[in-house]
Amino acid sequence: MSSSRTETAVDVTMPQLGVSVAEGTVVSWAKRPGDWVERDEPMLEVSTDKIDVEVEAPASGRLAEILVDVGTTVEVGTVLARIETDARPGEPHASEHDGHGKVEAPSEAERPRDEPRFRRYSPVVQRIAAEHGVDLSQVEGTGRGGRVRKQDVLAYVERNGGGAATEPPMHIESPYRPEPEPAAAKPAAAPAPAPAVEPQAGGTLSRMRRAIGEHMKRSLETAATCTSWIEVDFSRVEAERARLGITALPIVARATVEALRAYPSLNATLEGEAYTRYDDAVHLGIAVSLGEDGLIVPVIRDAQDLSAEGLAKRIKDVARRARERELQPDEVRGGTFTVTNPGQFGTIMATPVINQPQVAILDLEAVVKRPVVVEGDAIAVRPMCILGLSWDHRALDGALAAQFLSEVKRRLEGL
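Residues numbered from 1 in each chain as written. Predicted model: local features only at pLDDT ≥ 70, side-chain atom pairs only at ≥ 80, totals over all residues. Heavy atoms only, no water.

*Asks:* Any chance you could explain the environment of Glu65 here in plain terms?
*Replies:* Here Glu65 shows up in strand β6 (residues 61–66). For Glu65, a relative accessible area of 3% puts it in the buried group. Considering only alpha carbons, one finds Glu65 and Ile83, 18 residues apart in sequence, at a separation of 7.3 Å. (Helix = DSSP H or I, 4+ residues; strand = E, 2+ residues; numbered from the N terminus. Buried < 20%, exposed > 50% of the residue type's maximum accessible area, 1.4 Å probe, protein only.)

Okay, structure coming up:
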């Protein structure tokens, strides 16, 4: 492969597709060296553990060289190809007549029918297959070009009697836990012996965990992070979610959006010394945990235009598509504020890490029924929740953070 580069060449790089995405695999090329490409025209398809996506041309010009072959996995930011922007349509290219220094990479459409199709399996697919003893060559893929996706393996396992693998928990479910069944309602079963856990010496963090760690560490090193908490009576939230048939998260998200409209200084980004406040729109990030597969933050654009019910539908949609690796690049970037919801696991207080370059993140914790002092110095049992706000002291002050939290509280308790 040639590594030559002219001053008029523009790099096509492996895109960053989420916080924990550290690498991607080239699945197919839609163009070959010598082809003319228009700006924003799809050039190739890449696959990650989170998203399958087409990479568009960053500029118009002639594809000078392809540096990464189909089937190759490379880190985010790796140069995949180069485009000569000083070329003109119709001009011959060196690869068309001298054959030197260029890589011919046929697209899926041009691949001979009798040539075996390249099958690339993500680590998630391989792990599920290994857990259930599935031969992936027997699984029919529904992804682009017949690629096997996570849901294809789970469906195959279920059809063949193995039972679907357990879905990882998502940070988009209700923080409310169902009441436990009475002891008499079902016979007691002897506890199963705990499996022996073998210590693993010399292990290292996965590439994905390293990427998450680097992002979080960079945030803590960049921002002057402070955290404020406030306690909220969720009595009316619980009544509202029962009435609408939704979880607490979209109700809290709606109150958060309204509070951001009242305090737009928190609906902002800070990159270096460039502080940008978004007065007209709230692009709300919702943190979604993919279990062992990392973390991703889909962005709901123009969240100010959605009701709690509308937010509930959008949150469900992006969470589902996050699980199925169907999110597009624009859906995981450009957020102005983030909400995370680990409370479903029972935690009552946390210090969330700010999602850079945003200046604040709201943490929704578990809703716990407990006695509290109410009006008239009476004691009553109420569903209580602690909301945490991590904020960047470079851009904000404690008084403003407290006012914002108080506004969220006022809206939730005044439903």
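*Asks:* Would you take a moment to explain the sheet that holds strand β18 (residues 378–392) for this structure?
*Replies:* Backbone hydrogen bonds hold the strands of a sheet together, and the pairing may be parallel or antiparallel. Pairing is mixed across the open sheet formed by 6 strands, whose spatial order is β9-β18-β17-β16-β12-β15. At either margin of the open sheet sits one strand with a lone partner, and together these are β9 (225–233) and β15 (299–300). Summarising the sheet, strand β12 (residues 284–286) and β15 pair through 2 bridges and their orientation is antiparallel. The partner of Leu284 across the bridge, within β15, is Ile300. (Pairing = 2+ DSSP bridges.)

*Asks:* Teacher, can you tell me more about unusual backbone geometry here?
*Replies:* Most peptide bonds are trans, and most residues other than glycine sit at a negative phi. Omega for the bond connecting Gln356 with Pro357 falls within 30 degrees of zero, at 5 degrees, which places this linkage in the cis form. Along the polypeptide, Pro357 turns up in the loop between β16 (337–340) and β17 (360–374). The residue Asp40 is not glycine, and still its phi comes out positive at about 70 degrees. As for its position among the elements, Asp40 is in the loop between β3 (36–37) and β4 (42–47). The backbone of Asp377 sits at a positive phi, close to 60 degrees, despite the residue not being glycine. Looking at where Asp377 falls in the secondary structure, it is placed in the loop between β17 and β18. For Asp377, a relative accessible area of 68% gives the class exposed.

*Asks:* What should I look at first to understand helix α5 (residues 235–244) in this one?
*Replies:* Since the α-helix packs 3.6 residues into each turn, any two residues three or four apart lie on the same face. Buried residues of α5: Val237, Arg241 and Leu244, and no others. One side of α5 holds all its buried residues, which, seen down the axis, span an arc of 70 degrees. Facing away from the buried side of α5, by more than 90 degrees, are the exposed residues Ala242 and Arg243. Those residues of α5 that are buried lie in contact with α6 (248–262), α7 (308–323) and α8 (398–413). Gly245, located one to two residues past α5, shows a positive phi value of around 70 degrees. (Arc of directions from axis to C-beta. Contact = heavy atoms within 4.5 Å.)

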